[in-house]
Amino acid sequence: MRSPRAPKAGLSNGVRSNAVFLVGFMGAGKSSVGRALARRLNWIFEDLDDRIERREGRTVAEIFRDSGEAEFRRAERAALKQVLDEQRGGVARIVALGGGAFVHKDNAALLKARGVPTVFLNAAVEELWRRCCAQASRSGTERPLLRSEDEFRKLYASRRRSYLKASLKVDTGSRAVEAVAAKIVERLKLKEIGLRTEEGESE
């Protein structure tokens, strides 16, 4: 007999949630899908990395460079806890997590304990590599992880097992962003809100 699991919003037990957390590797489309979901539902969209930067007063890259990964993970967990605490106030929000956030057991346990749904945006590693390279080329930014496709693949393989522990897996490979958003709404039975007055990013 399976041990009881934390409630999953909109799944078989019908529990509702006012937050959805998107997880996955770089290139998975967390921000684009998150914004599409926010538009469709009239919810707020937030990238957790943006909150970290506001709280810390410096960029993610600066935190890594000046203080190391351990300090970044501390800041990440604090930002995640703050978001989850705010959800008790009723703000409907889509949150995109950084590629490594859900991999850390403390963060995954915190999300599970709060009973919020997590959605793994899945795509083949070849597709993720192509998307990331195209995005970097368009923006003219250099991402260290894109210097080696072999290292990119190894990191993805090491994280995928953690991503698969999310409440829901949605394949994004051949789907348009709006179609992915529609699938998430359908699977989690998310509801549009008619009027939103809370502060946050409006799409």
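The preceding data block contains the structure.
Residues numbered from 1 in each chain as written. Predicted model: local features only at pLDDT ≥ 70, side-chain atom pairs only at ≥ 80, totals over all residues. Heavy atoms only, no water.

**Some remarks on the environment of Gln135**
Moving on, step 1. Along the chain, Gln135 turns up in helix 6 (residues 125-139).
Moving on, step 2. Residue Gln135 is classed as partly exposed on the basis of its relative accessible area, which comes to 40%. (Helix = DSSP H or I, 4+ residues; strand = E, 2+ residues; numbered from the N terminus. Buried < 20%, exposed > 50% of the residue type's maximum accessible area, 1.4 Å probe, protein only.)

**Remarks on the pattern of salt bridges**
Moving on, step 1. Inspection of every chain in the model, using the stated rule, returns 23 salt bridges.
Moving on, step 2. Glu46 is the partner of Arg93 in a salt bridge, and the nearest nitrogen-oxygen pair spans 3.1 Å. Of this pair, Arg93 sits in strand 3 (residues 93-96) while Glu46 sits in strand 2 (residues 44-47), and the two are 47 residues apart along the sequence. As far as burial versus exposure is concerned, Arg93 and Glu46 are alike and both buried.
Moving on, step 3. Measuring nitrogen to oxygen at the nearest pair gives 3.1 Å for the salt bridge that ties Arg93 to Glu86.
Moving on, step 4. The buried category is assigned to Arg93, whose relative accessible area is 6%.
Moving on, step 5. We classify Glu86 as partly exposed; its relative accessible area is 30%.
Moving on, step 6. Taken together, the shared-partner salt bridges in this structure form one network comprising Glu46, Arg51, Arg54, Glu86 and Arg93. (Salt bridge = Lys/Arg side-chain N within 4 Å of Asp/Glu carboxyl O.)

**Thoughts on the nonpolar core**
In globular proteins that are soluble, nonpolar side chains generally tend to be buried together.
Moving on, step 1. The biggest cluster of nonpolar side chains holds 55 residues, and the ones touching the most others in it are Phe21, Leu37, Leu97, Val119 and Ile184.
Moving on, step 2. It is helix 4 (residues 69-87) that contributes the most residues to this core, six residues altogether. (Core = buried A, V, L, I, M, F, W, Y, C linked by side-chain atoms within 4.5 Å.)

**What about the packing of helix 1 (residues 30-41) against helix 8 (residues 177-188)?**
Moving on, step 1. For the pair helix 1 and helix 8, the least separation of the axes is 9 Å and the interaxial angle reads 60°. Compared by their axis directions, helix 1 and helix 8 come out oblique. The handedness of the crossing between helix 1 and helix 8 comes out as right-handed. Between helix 1 and helix 8, the residues in contact are Ser32, Val33, Ala36, Leu37, Arg39, Arg40 and Leu41 and Val177, Glu178, Val180, Ala181, Ala182, Ile184 and Val185, respectively.
Moving on, step 2. A per-class count over the contact of helix 1 with helix 8 returns ten nonpolar, one polar and three charged. (Axes fitted to C-alpha atoms, helices over the stretch in contact; angles between N-to-C directions. Parallel < 35°, antiparallel > 145°, perpendicular 65-115°, else oblique. Left-handed = near helix turned anticlockwise from the far one by under 90°. Contact = heavy atoms within 4.5 Å. Nonpolar A, V, L, I, M, F, W, Y, C, P; charged D, E, K, R; others polar.)

**Concerning the side chain of Lys30**
Moving on, step 1. Take Lys30: it is sitting in helix 1.
Moving on, step 2. Look at Lys30: it is buried, it has no salt bridge, and the nearest opposite charge is Asp47 at 7.5 Å.
Moving on, step 3. In this structure the side chain of Lys30 is engaged in a polar contact, spanning 3.0 Å, whose partner is the backbone oxygen of Gly24.
Moving on, step 4. Looking at Lys30, its side chain comes within polar contact range of the main-chain oxygen of Phe25, at 3.2 Å.
Moving on, step 5. Other than its neighbours up to four places away in sequence, Lys30 contacts Leu22, Val23, Gly24, Phe25, Phe45, Ala96, Leu97, Gly98, Gly99 and Leu121. (Lys, Arg positive; Asp, Glu negative; His and termini not counted. Polar contact = N/O pair within 3.5 Å; in protein donor to acceptor, adjacent residues only side chain to side chain.)

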